[in-house]
2 protein chains.
Amino acid sequence: MGSASNDQQHKNFLLSKIATNHGHGEDSPYFDGWKAYDKNPFHPTNNPGGVIQMGLAENQLCFDLIEDWIRRNPQASICTTEGVKEFKDTAIFQDYHGLPAFRQAVAKFMGKVRGCGVTFDPNRIVMGGGSTGASELITFCLADPGDAFLVPSPYYPAFDRDLKWRTGVQLFPVICESSNDFKITKAALEVAYQKAQEANINVKGLMVTNPSNPLGTILDRETLQSIVSFINEKRIHLVCDEIYAATVFSNPKFISIAEIIEGDDTCNRDLVHFVYSLSKDMGFPGFRVGIVYSYNDEVVNCARKMSSFGLVSTQTQHLIASMLSDDEFVERFIDESANRLATRYKVITRELGKVGIECLKSNGGLFCWMDLRKLLKEPTAEAEMELWRVIVHDVKLNVSPGSSFHCSEPGWFRVCFANMDDETMEAALKRILNFVGKLREAEVPSGIGIKSFKSNLRLSLSSSRRIEETIMSPCILSPRSPLVKAKT
Amino acid sequence: MGSASNDQQHKNFLLSKIATNHGHGEDSPYFDGWKAYDKNPFHPTNNPGGVIQMGLAENQLCFDLIEDWIRRNPQASICTTEGVKEFKDTAIFQDYHGLPAFRQAVAKFMGKVRGCGVTFDPNRIVMGGGSTGASELITFCLADPGDAFLVPSPYYPAFDRDLKWRTGVQLFPVICESSNDFKITKAALEVAYQKAQEANINVKGLMVTNPSNPLGTILDRETLQSIVSFINEKRIHLVCDEIYAATVFSNPKFISIAEIIEGDDTCNRDLVHFVYSLSKDMGFPGFRVGIVYSYNDEVVNCARKMSSFGLVSTQTQHLIASMLSDDEFVERFIDESANRLATRYKVITRELGKVGIECLKSNGGLFCWMDLRKLLKEPTAEAEMELWRVIVHDVKLNVSPGSSFHCSEPGWFRVCFANMDDETMEAALKRILNFVGKLREAEVPSGIGIKSFKSNLRLSLSSSRRIEETIMSPCILSPRSPLVKAKT
């Protein structure tokens, strides 16, 4: 053991501190759940007992529309007979400004998604390698190692990787609580800022995700205004991650920070920047279209130079330029995507409601923020993890525990609902309903007894197929359900 | 002025040190020459007096082969009727391991390009955002801020951006000289290492580009062996940038560091890593296919996590997987590309030779290393820059001065020859020959008088079209020349 450990130290000595400090944050239940899925992925016929992936915020509901567009637009690709004449000029294009048509189309799309006449300047569109690369890029531009960004919690687990790992920047949580639906209050911002000051940490900015991941909620006008006035008072940056802008599926309408800025002459625009992406709104995470948009000329200038580390493939830029400049398609896609997301949200919250499980009321994102506080043995992070392990390993649903989102209150779970087809969704709902039903049977006075439940569950799971067949009534998802239609 | 400067300081205060330290290195004649081209780009009919771009190491000679392959393989793209069924699964694929077929195809291609039975393990293929992203990624893995990498000079100008800017790592030149054809000698390595030690700099590795950019030369077996023994003795990393591996167009054959490592049991493989890319070998810089390959498991593991910042678009991965696994096409492409590069090299060196301009003897890369020492007023960096300005602004050829490659001897220039069609090549050669001819006329005893030349040149350039029409004899590039054929 000693020599193995020496060997490890010896090897680590050869590598950088970044390589050996585990700052990538992959050792978290958020990613462990993904691994559990990868080891035993559910398939309706080949592996019906496998883990269902509800930990991945993917938007898979509208690929029929996209594939139809692809078929009708062969000239949009450089790899078709119709488009190959553009192959060479596209393949050799390496200007970090990006294809002008790409920047124009993305700027227009960003405006369209945000509505209300907000416009974006194509000359401020800077490419990053997905939102991961874009988030790191803007952090590198704005903050030095040791500086901090305030981040309202709960927040996206991989911010630890994206914003901190290689930049050396710290994240300082702004604690939001369920008592007021996790709103970002001025008071919470002030408390976080003061705490950082007291700890001698130089706060360089505030990072806000709107619509929120994991909450699925959007910020109202008043909150946005208070955020803008806060960052102006403190003279710190505001980075607004709006990568879920087009996932808002019901009223109230989404308000972009851009709308607030455009109506506020007192705001110092040099402080305001966006992260955007097509990974969620269009469902193309594989294409790595990340965008930094800044009102600050110096930042645009520097970010563009930095974008050399994560440019978008020109093959992809070329396709996206064409697709997003098709107004008719874009409008239809945005509408239909919202409709299908609304239906999913409605079904999942209704079914969960039937067994007494509430979700935070939300109208955006690709997930629900599920309240399982009542199922915890005690209101602790440990109890949350205990419950989470049962859900992942026994119920075989990979949902993500609130602790992985730095949520201050135990018992909340993010449940993704747009990364699967209707059959898988049905199977997942059956499992949740079955799980809660069994828990109720095993309920003990001092909350739910997870341990006693686990043995019951094992028994029930041994005959899980039969249970799944019987517990899910046809009324939940009839063949005429919009969910079933969405699949076609 | 004072208030403008304060305003600038005020703005800079808001940004990071990285954003304001100019470490991106764009303020160099290497990039200034690109800008001169961008402002006034040559076009044979629309702008025949514009700047010809010979500062861009692009490989444009074989796009006819690639376009032909594209036409014959519609299923290779997810944007064709034949391939669209793969669209969804490709667009949503975001696993940082990359598509298995992509890794396999790239590993196979890397082996094929290097010949001699060298094999690469697909599980060690890690994606980076182009070689720019890949170079930064491996540096982040291996070195801490303040650590240094030795780099034989002359070297690629943008290493200052790629290896230093955001990592905080230093580069320490290993001075190579024309007296022995810029060979990397053990003595030069030792001198650089000792100097770094004396300056209290922690040397963490050696970065070698093979084939060399800007020299176009390849490292011989003896040099490679001495490099491997050097890094083992010092226990520092070796990063071998082999992004020009397939551009070797004549004998002797290219020897990859992989071949040396595989035959050397005494080498500590944990110290050896590659940077690879398809930007030069295939001519796809826009596609941002950068690769890190390491024999060190820890580095592979960390680099893969880090690759989230610069993944290759899955649309591009999918295409490349298909293209590079077509053995027949790949072999034909590599052969034909070498043939066409060889022809270009032969023509350019022969024509330059006619007016007494020598290039360093080379057999790889997409450029010549042109010796204009005899044309300098005096052997200084200033004189080199003076000559360079004449070449860019008056002769209107964007070549890159040796100083931008950190070359220790003034008077060398990199001239790219594979990023243009034959007509442009002809026009460029005419201008060089004309330029040198005029210089000779204006020659003064103490070297060339650039100033007196400039006035002569202005006169001659006012009638430049006539000169270009007459000075270039048809024998240089006949319609039967392979160069002309390469265009079809």
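It should be emphasised that the depicted structure is a prediction, and the values quoted were computed from it without experimental measurement.

Asker: Talk me through the sheet that holds strand β4 (residues 170-175) of chain A; I want residue IDs and the actual numbers.
Answerer: Residue and element names in this part refer to chain A. Ordered by their spatial adjacency, seven strands build an open sheet running β2-β8-β7-β6-β5-β3-β4, and the pairing between neighbours is mixed. Looking at strand neighbours, the two that pair on one side only are β2 (125-129) and β4, the edges of this open sheet. Across the sheet, the axes of successive neighbouring strands diverge by a mean angle of 25°, strand direction being ignored. Bridging between β2 and strand β8 (residues 289-294) involves five bridges; their strand directions are antiparallel.

Asker: I'd love a proper account of the relation of the copies chain B and chain A, names of residues and values included.
Answerer: Rotating chain B by 180° about the axis while translating it 0.0 Å along that axis superimposes it on chain A, leaving an RMSD of 0.0 Å. Such a turn and shift between the copies fits a two-fold axis. Scanning chain B for the C-alpha nearest the rotation axis identifies Gly310 of chain B, at a separation of 2.5 Å. Most of the interface of chain B is mirrored in chain A: 100% of its interface residues are interface residues there too.

Asker: Give a detailed account of the pairing of strand β5 (residues 203-209) of chain A, specifying residues and quantitative values.
Answerer: All names here are of chain A. β5 sits mainly inside the fold: seven of its seven residues count as buried. When strand β3 (residues 148-153) meets β5, the two strands line up parallel, connected through three bridges. In the strand pairing of β5, Ala148 is matched with Val203. Relative to strand β6 (residues 237-241), β5 runs parallel, the two sharing five bridges. Looking at β6, one finds that Thr209 is bridged to Asp241. Following the backbone out of β5, through helix α10 (residues 221-234) and into the adjacent parallel β6, one traces a crossover that is right-handed.

Asker: I'd like to hear about the packing of helix α6 (residues 100-114) of chain A against helix α14 (residues 327-354) of chain A, residue by residue, with values.
Answerer: Helix-helix packing is described using two parameters, namely the angle between the two axes and the distance between the axes. All names here are of chain A. Here α6 crosses α14 at 40°, and the two axes come no closer than 11 Å. Between α6 and α14, the interaxial angle falls into the category oblique. Of the two possible hands of crossing, α6 and α14 adopt the one that is right-handed. Facing α6, whose interface residues are Lys108, Phe109, Lys112 and Val113, α14 presents Asp327, Val330, Glu331 and Ile334. Partitioned by chemical class, the residues of the contact of α6 with α14 number four nonpolar, no polar and four charged.

Asker: Got a sec to walk through the interface of chain B and chain A? Specific residues and values, please.
Answerer: Contacts between the two partners involve 75 residues from chain B, matched on the other side by 75 residues from chain A. Buried area between chain B and chain A, summed over both chains or domains, comes out near 7,100 Å², and the portion from carbon and sulfur atoms is 60%. Per-residue buried area on chain B facing chain A is highest for Leu14, Arg166 and Phe309 of chain B; these three make up 12% of the total on that side. The interface formed by chain B and chain A contains four salt bridges. Inspection of the chain B/chain A interface yields 28 residue pairs in polar contact (both at pLDDT 80 or more). Elements with a minimum of two residues in the side of chain B that touches chain A: α1 (2-14), α2 (17-20), α4 (63-72), α5 (87-91), α7 (130-142), α8 (159-165), α12 (297-306) and α13 (314-324) of chain B. Per element, the largest residue contribution to the side of chain B that touches chain A is seven residues, and it comes from α7 of chain B. Of the residues assigned to the side of chain B that touches chain A, the class counts are 34 nonpolar, 23 polar and 18 charged.

Asker: Before we move on, can you summarise the sheet that holds strand β12 (residues 400-401) of chain B with the specific residues and values?
Answerer: Residue and element names in this part refer to chain B. Strands sit in the order β9-β10-β13-β12 across an open sheet of four strands; the sheet is antiparallel. Edge positions in the sheet fall to β9 (358-359) and β12, since each of these pairs with one other strand and no more. Across five bridges, strand β10 (residues 367-371) lies against strand β13 (residues 412-416) in antiparallel orientation. Looking across to β13, one finds that Met370 is bridged to Phe413. The strands touched by helix α14 (residues 327-354) are β9, β10 and β13; relative to β10, the strand with the most contacts, the crossing angle is about 15°.

Asker: Give a detailed account of the packing of α14 of chain A against helix α16 (residues 422-441) of chain A, specifying residues and quantitative values.
Answerer: Residues and elements named next belong to chain A. The geometry of α14 relative to α16 is characterised by a closest axis approach of 10 Å and an angle of 20° between their N-to-C directions. It follows that α14 is roughly parallel to α16 by the angle criterion. Once α14 is placed against α16, the crossing between them reads as right-handed. Contacts between α14 and α16 involve Arg344, Val347, Ile348, Glu351 and Leu352 from the first element and Asp422, Met425, Leu429, Ile432 and Leu433 from the second.

Asker: Quick one: what's the story with α14 of chain A, residue by residue and with numbers?
Answerer: Three- or four-residue spacings in an α-helix give side chains the same orientation, since the helix completes a turn every 3.6 residues. With 28 residues, α14 of chain A should cover 40 Å at 1.5 Å per step; its first-to-last C-alpha distance of 41 Å lies within 8% of that length. Remark: Gly356 of chain A follows α14 of chain A within two positions and exhibits a positive phi of approximately 80°.

Asker: So what's going on with the packing of aromatic side chains? Which residues, and what values?
Answerer: Residues and elements named next belong to chain B. Tallied over the full model, the rule gives 54 aromatic pairs over all chains. Residues Tyr193 and Phe230 carry aromatic rings whose centres are separated by 6.1 Å and whose planes lie at 90° to one another, so their mutual orientation is edge-to-face. Highlighted residues: Tyr193 in helix α9 (residues 186-198) and Phe230 in helix α10 (residues 221-234), separated in sequence by 37 residues. Of the two residues examined, Tyr193 and Phe230, each falls in the buried class.

Asker: Can you explain the side chain of Ser279 of chain A? Please cite residues and give values.
Answerer: Residues and elements named next belong to chain A. Residue placement: Ser279 occurs in the loop between β7 (272-277) and β8. Given the relative accessible area of 6%, Ser279 is considered buried. Those residues in contact with Ser279 that lie beyond four places of it in its chain are Phe284 and Pro285.

Asker: Could you give an account of the pattern of salt bridges, with specific residues and numbers?
Answerer: A complete count under the given rule lists 48 salt bridges over all chains for this structure. The partner of Arg72 of chain A in a salt bridge is Asp68 of chain A, with the nearest N and O atoms 3.2 Å apart. Of this pair, Arg72 of chain A and Asp68 of chain A both sit in helix α4 (residues 63-72), four residues apart, which is roughly one turn of that helix. Take Asp68 of chain A: its relative accessible area is 32%, and that puts it in the partly exposed class. Lys377 of chain B is the partner of Glu386 of chain B in a salt bridge, and the nearest nitrogen-oxygen pair spans 3.3 Å. Taking the relative accessible area as the measure of exposure, Lys377 of chain B reaches 34% and is therefore partly exposed.

What counts, and where the lines are drawn
- Residues numbered from 1 in each chain as written.
- Chains lettered and ligands numbered in written order.
- Predicted model: local features only at pLDDT ≥ 70, side-chain atom pairs only at ≥ 80, totals over all residues.
- Heavy atoms only, no water.
- Pairing = 2+ DSSP bridges.
- Helix = DSSP H or I, 4+ residues; strand = E, 2+ residues; numbered from the N terminus.
- Axes fitted to C-alpha atoms, helices over the stretch in contact; angles between N-to-C directions.
- Least-squares fit on C-alpha atoms with pLDDT ≥ 70 in both.
- Contact = heavy atoms within 4.5 Å.
- Buried < 20%, exposed > 50% of the residue type's maximum accessible area, 1.4 Å probe, protein only.
- Right-handed = clockwise from strand over helix to strand, strands pointing away.
- Parallel < 35°, antiparallel > 145°, perpendicular 65-115°, else oblique.
- Left-handed = near helix turned anticlockwise from the far one by under 90°.
- Nonpolar A, V, L, I, M, F, W, Y, C, P; charged D, E, K, R; others polar.
- Buried area = accessible area lost by both parts, 1.4 Å probe.
- Salt bridge = Lys/Arg side-chain N within 4 Å of Asp/Glu carboxyl O.
- Polar contact = N/O pair within 3.5 Å; in protein donor to acceptor, adjacent residues only side chain to side chain.
- Expected span 1.5 Å × (residues − 1).
- Phe/Tyr/Trp six-rings, centres within 6.5 Å; stacked < 30°, edge-to-face > 60°.

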